[in-house]
Amino acid sequence: MRLGEERERLCEIGSRMVDTGLVLGTSGNISVRRSGLVAVTPGGVALDRLSPEDCPVLDMSGEVVEGERRPSSEVPMHLAIYAATTTTAVVHTHSRYAVVVSTTMSELPPIHYNALLLGGVIRVAPYATYGTPELAAHVRTALEGRQAALMANHGAVALGGDLDQALEGARLLEWLCAVYVQAKMVGEPRVLTEEELVAVIERAARG
């Protein structure tokens, strides 16, 4: 079976996404790239009910080279990200607070220094119908220089060197969104300044 190990990992990560509430039902999708091929979750199947055989393998043009199930409708977005970056894993969620922020804001400001782990300010890609080249293009632009982005009135996407890293990015983004939303209930969140963020980067560099 082509990309057998990667397809098994898609199933494991899919179950973890459901367990942690990052997706509900058949929402969300995941992919991983290796040796010019992409294994992706199928459309219309809950992520905690997958078997490796359910996950089709595509070439970089989107042609299915192995698997019987229809690939996720968001394949254009995944392939656009792979074409524009060196990342090897993509996680797309419909998590609650990410959707809340994506419907109300054009970007998520850095109110906590952990935002730097995703590149700083998180951009919100303009709305477009799911599965379209327009959405893929918007997301690709929003991800420039970032490890994650929000998708207006839709959800979130995170990248990683492997599936675990991409999943952790998605979890961190959801946490940052939740902190912002809950802070707004108390008052106006204080956004970290460029100087404060640079100080964090310099502190981390010193170990």
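One structure accompanies this document, and this report is about it. In this text, all values refer to a predicted model and were calculated from it rather than measured experimentally.

1. Observations concerning the overall build of the chain
Step number 1: The secondary structure content of the chain amounts to six helices and nine strands.
Step number 2: When its C-alpha atoms are laid out on the principal axes, the chain stretches across 50 × 35 × 30 Å.
Step number 3: Pairs at least 24 apart in sequence give 64% of the contacts found in the chain among residues at least 6 apart.
Step number 4: Accessible area for the chain stands at about 10,000 Å²; split by element, carbon and sulfur atoms hold 51% of it.
Step number 5: Each charge class in the chain can be summarised by its mean position, and for the 18 positive and 25 negative side chains these summaries are 2 Å apart.

2. Examining the sheet that holds strand β3 (residues 57–59)
Step number 1: Here nine strands make up an open sheet; going across it, the order is β4-β3-β2-β1-β5-β9-β8-β7-β6 and the pairing mixed. Bordering the open sheet on either side are β4 (64–66) and β6 (107–108), each of which pairs with just one other strand.
Step number 2: Sheet topology places strand β8 (residues 148–151) next to strand β9 (residues 155–160); four bridges connect them, and they run antiparallel. Bridge pairing in β9 places Leu-150 opposite Ala-156.
Step number 3: Of the strands in this sheet, β1 (29–34), β2 (37–40), β3, β4 and β5 (89–93) touch helix α1 (residues 4–19), which is tilted by about 150° from β1.
Step number 4: Helix α3 (residues 96–104) rests against β6, β7 (122–125), β8 and β9 of the sheet, and its axis sits at about 65° to β8.

3. Observations regarding helix α6 (residues 194–206)
Step number 1: The end-to-end C-alpha separation of α6 is 19 Å, in line with the 18 Å expected for 13 residues at 1.5 Å each.
Step number 2: Directly after α6, the chain includes Gly-207, whose backbone phi takes a positive value near 80°.

4. Digging into the state of the cysteines
Step number 1: Using the criterion set out here, one finds zero disulfides in the structure.
Step number 2: No disulfide involves Cys-11; its sulfur sits 4.4 Å from that of Cys-55, the nearest cysteine.
Step number 3: What makes Cys-11 buried here is its relative accessible area of 11%.

5. Observations regarding the layout of surface pockets
Step number 1: What the largest pocket holds in volume is close to 230 Å³.
Step number 2: Taken together, 13 residues line the largest pocket, and the ones lying closest to its centre are Gly-21, Leu-22, Ser-95, Arg-96 and Glu-174.
Step number 3: Of the residues forming the lining of the largest pocket, the biggest block, three residues, is contributed by helix α5 (residues 163–186).
Step number 4: Across the lining of the largest pocket, the residue classes break down as five nonpolar, five polar and three charged.
Step number 5: One number sums up the size of the second largest pocket: a volume of about 190 Å³.

Reading the values: the criteria
Residues numbered from 1 in each chain as written. Predicted model: local features only at pLDDT ≥ 70, side-chain atom pairs only at ≥ 80, totals over all residues. Heavy atoms only, no water. Helix = DSSP H or I, 4+ residues; strand = E, 2+ residues; numbered from the N terminus. Contact = heavy atoms within 4.5 Å. Areas by Shrake-Rupley, 256 points an atom, 1.4 Å probe, with all protein chains shown as cover. Lys, Arg positive; Asp, Glu negative; His and termini not counted. Charge placed at Lys NZ, Arg CZ, Asp CG, Glu CD. Pairing = 2+ DSSP bridges. Axes fitted to C-alpha atoms, helices over the stretch in contact; angles between N-to-C directions. Expected span 1.5 Å × (residues − 1). Disulfide = S-S within 2.5 Å. Buried < 20%, exposed > 50% of the residue type's maximum accessible area, 1.4 Å probe, protein only. 1 Å grid on protein atoms, 1.4 Å probe; cavity = no way out; pocket = protein on both sides within 12 Å on 5 of 7 lines; lining within 4 Å. Points joined across faces, edges and corners; volume = space filled by probe spheres on them. Nonpolar A, V, L, I, M, F, W, Y, C, P; charged D, E, K, R; others polar.

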